[in-house]
Amino acid sequence: MITSTRRVSPDKPEVRIAFSLDNTPDVKDVEDLSQTFPDLEQRLQPVPPCVSLRESVQVYKEHNRMAREFHQVKHEIAVLEDRKRKLLAELVEDEKVAVEIARLEEEFQLLTEENRTLVTVHSERAQQLESLCLTNQTRQDSS
């Protein structure tokens, strides 16, 4: 482990840097993580680490993890936005159906009332016809 402590200026606190050249498993992991993220802006792409610095490798790994997480969240947002669009289309269609149902219910009420009126008129006319037939038959029998 190599450690160095420096003071940049008299009014600033000391800066301590520590790294080790013995821990090489992280370097192999870095090679596995070297990937690009096309949905990230160029300035946000993970920068390959300085493999001799353990902290650089750790920062690189964390950056890659966050980039993968960002990609996943962005994908989930796209899926949810698509679902929202479909639900809104269904809602519009349901509203059209509701308006049509209301119109048909109103038409049904009007036709039901008209039917009642026609049945009543038919019944009255049938009674009148029967009465006229009886009156006519009575006249024929009297003559």
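Residues numbered from 1 in each chain as written. Predicted model: local features only at pLDDT ≥ 70, side-chain atom pairs only at ≥ 80, totals over all residues. Heavy atoms only, no water.

(A) Examining the overall build of the protein chain more closely. Scanning the protein chain for helices and strands turns up 2 helices and 2 strands. Taken from N to C terminus, the helices and strands of the protein chain fall in the order β-β-α-α. The proportion of buried residues among the 143 residues of the protein chain is 10%. Carbon and sulfur atoms make up 57% of the accessible area of the protein chain, which amounts to about 12400 Å² in all. (Helix = DSSP H or I, 4+ residues; strand = E, 2+ residues; numbered from the N terminus. Buried < 20%, exposed > 50% of the residue type's maximum accessible area, 1.4 Å probe, protein only. Areas by Shrake-Rupley, 256 points an atom, 1.4 Å probe, with all protein chains shown as cover.)

(B) Representation of the pattern of salt bridges within the structure. Taken as a whole and judged by the stated rule, the model has 8 salt bridges. Where R65 meets E62, a salt bridge forms, and the shortest distance between an N and an O atom there is 2.4 Å. Residue R65 and its partner E62 are both found in helix α2 (residues 54–142); the two are separated by 3 residues, about one turn of the helix. Judged by its relative accessible area of 34%, R65 is partly exposed. Here the salt bridges share partners, and the residues they tie into one network are E62, R65 and E69. (Salt bridge = Lys/Arg side-chain N within 4 Å of Asp/Glu carboxyl O.)

(C) Representation of a negative patch on the surface within the structure. Together, E90, E93, D94 and E95 line one region of the surface with negative charge. Note that E95 resides in helix α2. A relative accessible area of 46% means that E95 is categorised as partly exposed. (Patch = residues over 30% accessible without salt bridge, like charges linked within 9 Å, V, L, I, M, F, W, Y side chains within 5 Å. Lys, Arg positive; Asp, Glu negative; His and termini not counted. Charge placed at Lys NZ, Arg CZ, Asp CG, Glu CD.)

(D) A look at α2. Helix length check: α2 (89 residues) gives 129 Å between terminal C-alpha atoms against 132 Å at 1.5 Å per residue, within 8%. Within the sequence span of α2, burial applies to V57, Y60, K61, N64 and A67. (Expected span 1.5 Å × (residues − 1).)

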